[in-house]
Every structure is written in structure tokens, then in C-alpha cells.
Amino acid sequence: MESCFLVFQSVWPALHVSPAPVCYLQFINETWMERHGSPLHPETIMLLWSFIVSVYGIGGFLGSLCCGYLTTKYRKKKCQMFTNLIMLVAALLMAFSKTAKSFEMILAGRFLYGVGTGFSLNIHPQYVGEISPKKLRGFTNSTVAVFLTLGKLTGQVVGLR
């Protein structure tokens, strides 16, 4: 079950960004116009969108870097539970960004998704390997890679037009 959730939290942001971002670009421009009264230049909108997309990877990198220290200090189970909380906060930020009329909330949500994914992709295989019986240890450790690959495949299939 945890492997399925791991796939969801690592593939959902990719699914969320894959389609043509016309509606997102429009949202960024409309938000900016409401605040400042003038539209953004199309290149500036694309720059903001590029930053929103790339901040997921930056968050993943930082989450991976912090993972070793935090798992040593707080143990893997607590870190995994905290990662789920990070993912929930990220989802809420992105869900309410339109209501709050703030494209910055999408940016923060994608960053937190990245941090959570960076944590999960490091902590989950270790934790599953520790708690599984010796006979199933290799199988349970391979489930992470299998479900991650299935999630990516699903994302690619859903993204087809």
C-alpha cells in the first residue's frame, strides 16, 4: 500500500504539469493583472512557468540531501509520516491557489512535493527493507521500483492525446 502511495506522490506532480500549460499561463497572467493592473510580457510568464516546473526538482534534491541526517535523528517511520504531512500541505496549497488567486502557492506546493518525493524515494525502500521478513525482503524492496515505473508509465499513457 505504501508503495502505491509513493507512486502517487511522485507521479502526480508530473501528471499535473504534463499537458500544455495554457490554463496555467493564463492563471499567472490574470493573477498578475489583478494585482498590478498591467499584463506580464509572454516571456516573463514563460519564465515564471519554467520556474514553477523546475522547483519540483530543486525540492527533490534538497529533500534527498536532508534525508540522511533526519532519518538518523528522528528514525525512518517518523520521517515517513512527516513526509506524508508535507505532501498533504503541498496538495492543499496547490488546490487552493486558484481560490486565493496566488500562483505563488503553486510554486510553494511544487517545491514541497519535491521535498516530500526526495524524502520518500530514500526513506521508503530502507524502511520497507527493515520491517519486512527476510524471505520477502528482496521482493518488497523491488516493489518501490516496480510501482514507480508503473506510475511513470501511467503518467505517459494519460498524457497521450
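Report follows, based on the coordinates. (Residues numbered from 1 in each chain as written. Predicted model: local features only at pLDDT ≥ 70, side-chain atom pairs only at ≥ 80, totals over all residues. Heavy atoms only, no water.)

This part covers the overall build of the chain. A count of helices and strands for the chain gives seven helices and zero strands. Ordered by position from the N terminus, the helices and strands of the chain form the series α-α-α-α-α-α-α. Buried positions account for 37% of the 161 residues belonging to the chain. Partitioning the contacts of the chain with sequence separation of at least 6, the portion at a separation of at least 24 is 73%. Carbon and sulfur atoms make up 71% of the accessible area of the chain, which amounts to about 9,800 Å² in all. (Helix = DSSP H or I, 4+ residues; strand = E, 2+ residues; numbered from the N terminus. Buried < 20%, exposed > 50% of the residue type's maximum accessible area, 1.4 Å probe, protein only. Contact = heavy atoms within 4.5 Å. Areas by Shrake-Rupley, 256 points an atom, 1.4 Å probe, with all protein chains shown as cover.)

Among the secondary structure elements, serine 97 is positioned in helix α5 (residues 97–100). For serine 97, a relative accessible area of 4% translates into the label buried. Discounting chain neighbours no more than four positions away, the residues touching serine 97 are Phe27, Ser102, Met105 and Ile106.

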